[in-house]
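So the chains spell out like this:
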Amino acid sequence: MSLLHVEGLKIHYGGIQAVRGIDIEVDEGELVCLIGANGAGKSSTLKGIVGLLPHGGQVHYAGASLKGRPTHAIAAAGMALVPEGRGIFARLTVAENLAMGAYLRRDAAAVRADGERIYQTFPRLAERRGQLAGLLSGGEQQMLAIGRALMGRPRLLLLDEPSMGLAPLMVQKIYETIQAVAREGMTILLVEQNAHLALQVSSRGYVMESGAIALAGPSAELAADPQVRAAYLGE
Ligand code: ATP
């Protein structure tokens, strides 16, 4: 059974239909990507899934419907969204931001151990643990946002365009980390405009166009699809 099952998800902003009844499934332990151009409806989809936007259709998570459940309850059930623009607390330190990610946990020793693991994964954050998060570079802020989400020990990680606005080397570093986290068994739904990267690291993918799923399948097949190559891989 899939960990996340989105059925007929619809989202509109006033008269604009941003998401037109889409289906997405993510199995436990999978890294699945949702790719598409600017404005295709990818971010809206993630916001709908975590309950930040009112929506039509059904979102099932771990076998239960999330209908009517508030975002904080969805987060407490183990769904963590790393939003586009990252949403870190600029006026708190790196260490304080990480601690915020664990605010629901009572297992202090394990929280400390997880914090140390995140510092090992991102040595740059370790070096800057006392620094205000707002002073970090874009890539460091992205690392912090992912680290903060991991501090909550999520069961499902939703990443919204982690490569956005970052220099190539930083993108590479972030993606290495995403792959490492996936290898440890984390279930991930990755939203990306950078189709090339997303298809490289994921096992399956969905291609979103104008609020609908245009194509879906194993990432290797999508990467070889002439339509995808022409529209998203610049070939
Ligand atoms: P991007 O990669 O640029 O974030 P996206 O695929 O995530 O694109 P969305 O941000 O979900 O796309 O936007 C889908 C559509 O909904 C777009 O046409 C966008 O203009 C519209 N939209 C998004 N947010 C709002 C909003 N708050 N109010 C009105 N329209 C919105």
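Just so you know, these numbers come straight off a predicted model, no measurement behind them.

Student: Help me out: how do you make sense of helix α3 (residues 94–101) in this one?
Tutor: Along an α-helix, residues three or four apart share an orientation, since each turn contains 3.6 residues. For α3, every residue scored as buried is listed here: Val 94, Asn 97, Leu 98 and Gly 101. Along the long axis of α3, the arc covered by the buried residues comes to 100°, so they all point the same way. Contacts made by the buried residues of α3 are with α4 (108–121), α5 (123–127) and α6 (138–151).

Student: Just checking my understanding: could you explain the sheet that holds strand β2 (residues 16–27) for this structure?
Tutor: Two strands in a sheet stick together by hydrogen bonds in their backbones, pointing the same way (parallel) or opposite ways (antiparallel). Strand order in this open sheet of four strands is β2-β1-β4-β5, and the pairing throughout is antiparallel. On the outer flanks of this sheet lie β2 and β5 (64–65), each paired with one strand and no other. Bridging between strand β1 (residues 2–13) and strand β4 (residues 56–61) involves five bridges; their strand directions are antiparallel. By the bridge assignment, His 5 is partnered in β4 with His 60. Relative to β1, helix α1 (residues 42–49) is tilted by about 115°, and along the sheet it contacts β1, β2 and β4.

What counts, and where the lines are drawn
Residues numbered from 1 in each chain as written. Predicted model: local features only at pLDDT ≥ 70, side-chain atom pairs only at ≥ 80, totals over all residues. Heavy atoms only, no water. Buried < 20%, exposed > 50% of the residue type's maximum accessible area, 1.4 Å probe, protein only. Helix = DSSP H or I, 4+ residues; strand = E, 2+ residues; numbered from the N terminus. Arc of directions from axis to C-beta. Contact = heavy atoms within 4.5 Å. Pairing = 2+ DSSP bridges. Axes fitted to C-alpha atoms, helices over the stretch in contact; angles between N-to-C directions.

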